[in-house]
Amino acid sequence: MTRDSKNREGGDKAAREPRGEGRDREDKQNVWDRTGPEEREAIEAYARDYMGFLSEGKTERKVYGLVLEALRAAGLKDLE
């Protein structure tokens, strides 16, 4: 039996404690709680833009076109 097959069968890794076991999680504060309203709005705007990009870019060809559009809008020019 190899080490990999032993792990797949629930050997070594299954016997270990789960991650975070015994840690005090109540005193942990997540990043979102430490983020101010202005930064939250910037994060949400970025996420909305990214979700729009994902919705529009369903194929490689469409993504290529969207990226070219964005580069041209940013002022970049073709090398040709």
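Above this text you will find the structure in question.
Here is what the cut-offs are and how they apply
Residues numbered from 1 in each chain as written. Predicted model: local features only at pLDDT ≥ 70, side-chain atom pairs only at ≥ 80, totals over all residues. Heavy atoms only, no water. Helix = DSSP H or I, 4+ residues; strand = E, 2+ residues; numbered from the N terminus. Buried < 20%, exposed > 50% of the residue type's maximum accessible area, 1.4 Å probe, protein only. Areas by Shrake-Rupley, 256 points an atom, 1.4 Å probe, with all protein chains shown as cover. Salt bridge = Lys/Arg side-chain N within 4 Å of Asp/Glu carboxyl O. Contact = heavy atoms within 4.5 Å. Patch = residues over 30% accessible without salt bridge, like charges linked within 9 Å, V, L, I, M, F, W, Y side chains within 5 Å.

(A) Structural context of the overall build of the protein chain. When helices and strands are tallied, the protein chain shows four helices and zero strands. Starting at the N terminus, the α and β elements of the protein chain follow one another as α-α-α-α. By residue count, 6% of the 80 residues in the protein chain fall in the buried class. Accessible surface, the protein chain as shown: approximately 7,900 Å² in total, 51% of it carbon and sulfur.

(B) Here's a closer look at the pattern of salt bridges. Applying the stated criterion across every chain yields a total of two salt bridges. Residue arginine 48 pairs with glutamate 41 through a salt bridge whose shortest N-O separation is 2.9 Å. Note on arginine 48: relative accessible area 44%, which makes it partly exposed. Residue arginine 72 is joined to aspartate 78 by a salt bridge in which the shortest nitrogen-to-oxygen separation is 3.2 Å. Look at aspartate 78 and you get exposed, because its relative accessible area is 52%.

(C) View of the side chain of threonine 35. Tracing the backbone shows threonine 35 in the loop between helix H2 (12–15) and helix H3 (37–56). Judged by its relative accessible area of 11%, threonine 35 is buried. Residues within four places of threonine 35 in sequence aside, it is in contact with Arg40 and Ile43.

(D) Structural context of a nonpolar patch on the surface. Together, Tyr46, Tyr50, Phe53, Leu54, Val67, Leu71 and Leu76 make up a nonpolar patch on the protein surface, roughly 680 Å² of accessible area in all. Residue leucine 54 is classed as partly exposed on the basis of its relative accessible area, which comes to 41%.

All we've got here are geometric facts, nothing functional implied.
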